[in-house]
Amino acid sequence: SIGKYQFNAIGNSNTVGFDSATSTIPHTTYIDADNDPTTFSSTSMVYHKKGTQLVKAYLYIADSKDESTNLDRSQAYIEGPNGGKFVFDDGPKNVYYDVTSFISDQGEGEYWAKNLTSSRVVPKSWDSIANWSIVFIEQNNTTLKKIMNVSISQEKQQKPNQPTN
């Protein structure tokens, strides 16, 4: 926490896989945990409010792509605990979104990221990812302000010799 503000985060990865140097195609497997036949990738995390008031919430997306391929986010979205959907744009321009209104409307509970893609087609010998996280900034007026004093000195503090037994 910083002053009266607390930070909270949830997130997950919708892929599992790592390319080997000898492979000719990326080895990416999508995780699809929602038992919904209309999705091909899905993971969830539960949000529990820690502060007294939500100030801001940001969704961060990290998805693999090649320079020559475009990400297709047209099917990707976050589903809230009340069934509401926050739909992404379908371009790679945005990696974070202000989702404060969406989170305020949906409240605490299970959030799902659905149909996130990893658009990399050329193996690079690293992870193929389709990750998401939501960072919450919450205000808590009951939290005491924390004060930190830092002093830098060239003096060395020496402990007196301790007797050995």
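Trainee: It is not clear to me how the environment of Ser42 should be interpreted in this structure. Could you clarify?
Mentor: Mapped onto the elements, Ser42 comes out in strand E4 (residues 42-47). With a relative accessible area of 0%, Ser42 lands in the buried category. When residues no more than four places from it in sequence are discounted, the contact partners of Ser42 are Asn14, Ile31, Asp32, Ala33, Asp34, Trp112, Ala113 and Lys114. Within polar-contact distance, the side chain of Ser42 engages the backbone nitrogen of Ala33 at 2.9 Å. A polar contact of 3.1 Å, which involves the side chain of Ser42, links it to the backbone nitrogen of Asp34.

Trainee: I keep staring at the sheet that holds strand E9 (residues 109-114) and nothing clicks. Help me out?
Mentor: Backbone hydrogen bonds are what pair the strands of a sheet, in a parallel or an antiparallel way. If you trace the 4 strands from one edge of the open sheet to the other, you get E4-E9-E6-E7, paired in antiparallel fashion. Every interior strand has two partners, whereas the edge strands, E4 and strand E7 (85-87), have only one. Looking at each pair of strands side by side, their axes are set apart by 20° on average, direction ignored. Pairing geometry for strand E6 (residues 77-79) and E7, over 3 bridges, is antiparallel. For Glu79, the partnering residue across the bridge sits in E7 and is Lys85.

Trainee: How should the packing of aromatic side chains be read in this particular structure?
Mentor: Pairs of aromatic rings are described using the distance from one ring centre to the other and the angle between the two planes. Counted under the stated rule, the structure contains 7 aromatic pairs. Look at Tyr47 and Tyr111: their rings are 6.4 Å apart centre to centre, the planes differ by 65°, and that puts the pair in the edge-to-face class. Taken together, the residues span a long stretch of sequence, with Tyr47 in strand E4 and Tyr111 in strand E9 at a distance of 64 residues. Under the relative-accessibility criterion, Tyr111 is labelled buried at 0%. Pairing Phe86 with Tyr97 gives two aromatic rings, centres 5.8 Å apart and planes at 70°, and the pair type is edge-to-face. Of the two residues, Phe86 sits in strand E7 while Tyr97 sits in strand E8 (residues 96-98), which places them 11 residues apart along the sequence. On the accessibility criterion, Phe86 (18% relative accessible area) is buried. Cluster of aromatic residues (ring-pair linked, three or more members): Tyr47, Phe86, Tyr97, Phe102, Tyr111 and Phe136. The ring of Tyr77 carries Lys85 above its face, with NZ or CZ at 4.7 Å from the centroid.

Calculation notes
Residues numbered from 1 in each chain as written. Predicted model: local features only at pLDDT ≥ 70, side-chain atom pairs only at ≥ 80, totals over all residues. Heavy atoms only, no water. Helix = DSSP H or I, 4+ residues; strand = E, 2+ residues; numbered from the N terminus. Buried < 20%, exposed > 50% of the residue type's maximum accessible area, 1.4 Å probe, protein only. Contact = heavy atoms within 4.5 Å. Polar contact = N/O pair within 3.5 Å; in protein donor to acceptor, adjacent residues only side chain to side chain. Pairing = 2+ DSSP bridges. Axes fitted to C-alpha atoms, helices over the stretch in contact; angles between N-to-C directions. Phe/Tyr/Trp six-rings, centres within 6.5 Å; stacked < 30°, edge-to-face > 60°. Lys NZ or Arg CZ within 6 Å of the ring centre and 35° of its normal.

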